[in-house]
Amino acid sequence: MLNHMLGLARIIGHEGRRKVRLAMPGCIHLTHDEASLLSALAAAQVYDRALRDAHLSWLLGLAPGEQIQAHIQALADAFDLRAIIIRVPAPPVQARSSQHAHHRVGWPNTSLH
């Protein structure tokens with residue numbers, strides 16, 4: 001299992017085309033990238049290849065290859081064998097922009113059609 005974790009980290013870190021953001025150790029908040037990694041594992045546990053690959057594509061910034069697909073599937077299967085079910089985290093609540101706030105309280109729409 002450790003080999004698959006290291007392989008996954010190596011591919012994301014060395015072959016990925018985008019910088020992945022991770023929270024500080026001990027932080028209770030997930031970054032979007034951490035949530036996407038958990039979502040890829042959850043999708044792999046239920047054999048939803050399209051969703052798994054969508055999250056891997058986001059993390060990598062390119063289409064996932066067979067090697068990373070194999071690593072994530074092996075990790076998902078190992079968790080499943082140990083009755084560890086990965087739950088997809090709820091998306092973070094984001095504050096509305098001030099533009100949306102104006103419309104919410106009944107301010108006139110000034111955009112031209």
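Residues numbered from 1 in each chain as written. Predicted model: local features only at pLDDT ≥ 70, side-chain atom pairs only at ≥ 80, totals over all residues. Heavy atoms only, no water.

What follows concerns the confidence of the model for the protein. In the predicted model, the protein carries a mean pLDDT of 85, and the fraction of residues at 70 or more is 78%. Mean pLDDT values for the elements of the protein range from 46 in helix α5 (residues 98-104) up to 97 in helix α4 (residues 66-81). Counted against residues more than four places away or in other chains, residues 100-113, with its pLDDT under 50, gives three contacts. (pLDDT = per-residue confidence, 0-100. Helix = DSSP H or I, 4+ residues; strand = E, 2+ residues; numbered from the N terminus. Contact = heavy atoms within 4.5 Å.)

Turning to unusual backbone geometry, a few remarks are in order. Phi at tyrosine 47 is positive, roughly 60 degrees, even though this residue is not glycine. Within the element layout of this structure, tyrosine 47 appears in the loop between α2 (32-45) and α3 (49-60). Non-glycine residue alanine 83 carries a positive phi angle of around 60 degrees. In this fold, alanine 83 is placed in the loop between α4 and α5.

Let's shift gears to the pattern of salt bridges. Close approach of charged atoms allows side chains with opposite charge to pair. Summed over the entire model, instances satisfying the criterion amount to three salt bridges. In this structure, the salt-bridge partner of aspartate 53 is arginine 52, at a minimum N-O distance of 2.9 Å. With respect to class, aspartate 53 is no different from arginine 52; both count as buried. (Salt bridge = Lys/Arg side-chain N within 4 Å of Asp/Glu carboxyl O. Buried < 20%, exposed > 50% of the residue type's maximum accessible area, 1.4 Å probe, protein only.)

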